[in-house]
Each structure stands twice: as C-alpha cells, then as structure tokens.
Amino acid sequence: MSSQIINQKPSNEDKIDVYFEYIENRILQPIQNTSIKDYCTASLLIVFAAIDGVGQLLYPYDNAGSNERIKYFLDYMGGKYKDHQKEILKLRNSIVHNGLNVDFYLTHTGTIDDPILENLGPAGFILMNTSAMCEDVIKKCKQAHDDILHDPTKLILAANRLNMVVVNSENYQDRQGNIISPSPASSIKFTYTHFPKKTHIP
C-alpha cells in the first residue's frame, strides 16, 4: 500500500493510515505479542513513544513540545491518567533520560481492573500495572485513528504534520558474505520536530 501511495500524491487519509499502520506494526503489536510486555520499564519506554507520536497529531497547536503532547494524550485518555498526568510525565522523563523509575511501584502481573492505584506503602508511591496501561494506550491509539479520520478539522491538522517519503528496501552482505535484510525506515515522517509557529484550528 505504501509504495502505491508514494507514487501518487497521498491524500490526508493516506498519510494518517500509513502513520498508524507503522505505530501498530512497530510499537503496539510488539507490546502485545512479544516478551517486551513482561518488562515494565521496557514496555513503558516504547509505549511512551507511541503516546508522544500520536499526541503530535492530536495536539491543537503547532508548537507543542514533547511534554505538552504527552500531557494532552493523557488528558485524552481521561480517568486516572488525566488525574496523574504530572506524575506519569515525571515517570516518562526519568525512564527516557536515565532509565530510572520514580514515585511508582510497577507491575505487569495480576488482575488489577484499575491500572493506577495511588498512595500504597509508607512512601505513598503510586502502583501502576504496566500491562493494563499498555492495553489502555493501544485502545486510545485506535480511537485516535478513528477520531482523526472522521473529524475534517483534526484530519487536516494532523495530515499537515506528516510527509510521505520514498523508502527503498535493500539487502546487504556482512564480512562473511551473509545476506542481511534490515528493517526499512518508515515511509512517513513528521514535517517538524518542534513546530515553529503557533496556529490553532478550533
């Protein structure tokens, strides 16, 4: 699908579909279907990347930094994610920058209906079930995909932040002559990392 789209001028819907297809294949499915889900810090590190990326498409202004995008997505998730967005953002920044967990007890096991339980133990830390959070993020990413496609204003805003690029898949030989088939780069890229001007579509 991607190669056919690239050879033509992609529609706004094409851009959104390709981006979410990439998020699904490279982030969401590995969390669901591999042993990554058994490691709290590793799974959070990956899922926060999805939160940031989808947050770039949802955020109403064009100059949002990563913290604003993540907080906006946590608002979009609602419930205790919205209530604890400050603590979750602190956790994300600590994991991304130095691999350390702060202010949380993390678990990927159990049958906790509520993924976030607060004020446990003498330190008053928050308990987070990372498996439950990942499932919630996966559901919200799929909802965001639908919301963007069915809202003309959001569709234009999001599509303008994405650009289709040509990606050539090539094989390489190592020093022993073995064929290496690396995963290609994404055929969709953000037009900016930090948006230079402040625009808003209500």
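In this report, the structure presented in the accompanying data block is examined. (Residues numbered from 1 in each chain as written. Predicted model: local features only at pLDDT ≥ 70, side-chain atom pairs only at ≥ 80, totals over all residues. Heavy atoms only, no water.)

**A look at the environment of Glu 13**
Heads up, the condition is: Strands are runs of DSSP state E lasting at least two residues, helices are runs of H or I lasting at least four, and both sets are numbered from the N terminus onward. Only protein chains enter the accessibility calculation, which uses a 1.4 Å probe. A residue is then buried if its area is under 20% of the maximum for its type, exposed if over 50%, and partly exposed in between. Contacts are assigned to residue pairs with any non-hydrogen atoms lying within 4.5 Å of each other.
Examined against the element boundaries, Glu 13 turns out to sit in helix H2 (residues 12–33). On the basis of relative accessibility, which here comes to 36%, the residue Glu 13 falls in the partly exposed class. Spatially, the C-alpha atom of Glu 13 lies 9.2 Å from that of Ile 156, the residues being 143 residues apart in sequence. In contact with Glu 13, other than residues within four places in its own chain, are Leu 149 and Leu 155.

**Description of the environment of Ala 144**
Looking at the secondary structure, you find Ala 144 in helix H7 (residues 130–149). Taking C-alpha positions, Ala 144 is 9.0 Å from Tyr 76, a pair spaced 68 residues apart along the chain. Apart from the residues lying within four places of it in its own chain, the contact partners of Ala 144 are Phe 20, Val 54, Leu 58 and Tyr 76.

**As for the packing of aromatic side chains**
Think of a pair of aromatic rings as described by two things: how far the centres are apart, and how the planes are tilted against each other in angle. Stated precisely, the cut-off is as follows: Any two of the Phe, Tyr and Trp rings considered here, Trp counted by its six-membered ring, make a pair once their centres fall within 6.5 Å; the pair's planes then place it as stacked at under 30 degrees, edge-to-face at over 60, or tilted in between. Any Lys NZ or Arg CZ that is within 6 Å of a ring centre and within 35 degrees of that ring's normal is treated as a charge sitting over the ring.
If you walk through the whole model with that rule in mind, you get 6 aromatic pairs. Summarising the aromatic geometry, the rings of Tyr 19 and Phe 20 are spaced 5.7 Å apart at their centres and angled 85° between planes, so their arrangement reads as edge-to-face. Taken individually, Tyr 19 and Phe 20 each receive the classification buried, so the pair is uniform in this respect. Measuring from centroid to centroid gives 5.4 Å for Tyr 19 and Phe 190, while their planes differ by 70°, and the two rings are edge-to-face. In this pair, Tyr 19 sits in helix H2 while Phe 190 sits in strand E7 (residues 188–190), placing the two residues 171 residues apart along the sequence. Look at Tyr 19 and you get buried, because its relative accessible area is 7%. Look at Phe 190 and you get partly exposed, because its relative accessible area is 24%. Pairwise contacts between aromatic rings join Tyr 19, Phe 20 and Phe 190 into one cluster. Lying across the ring of Tyr 76, Lys 140 places its NZ or CZ 4.9 Å from the centre.

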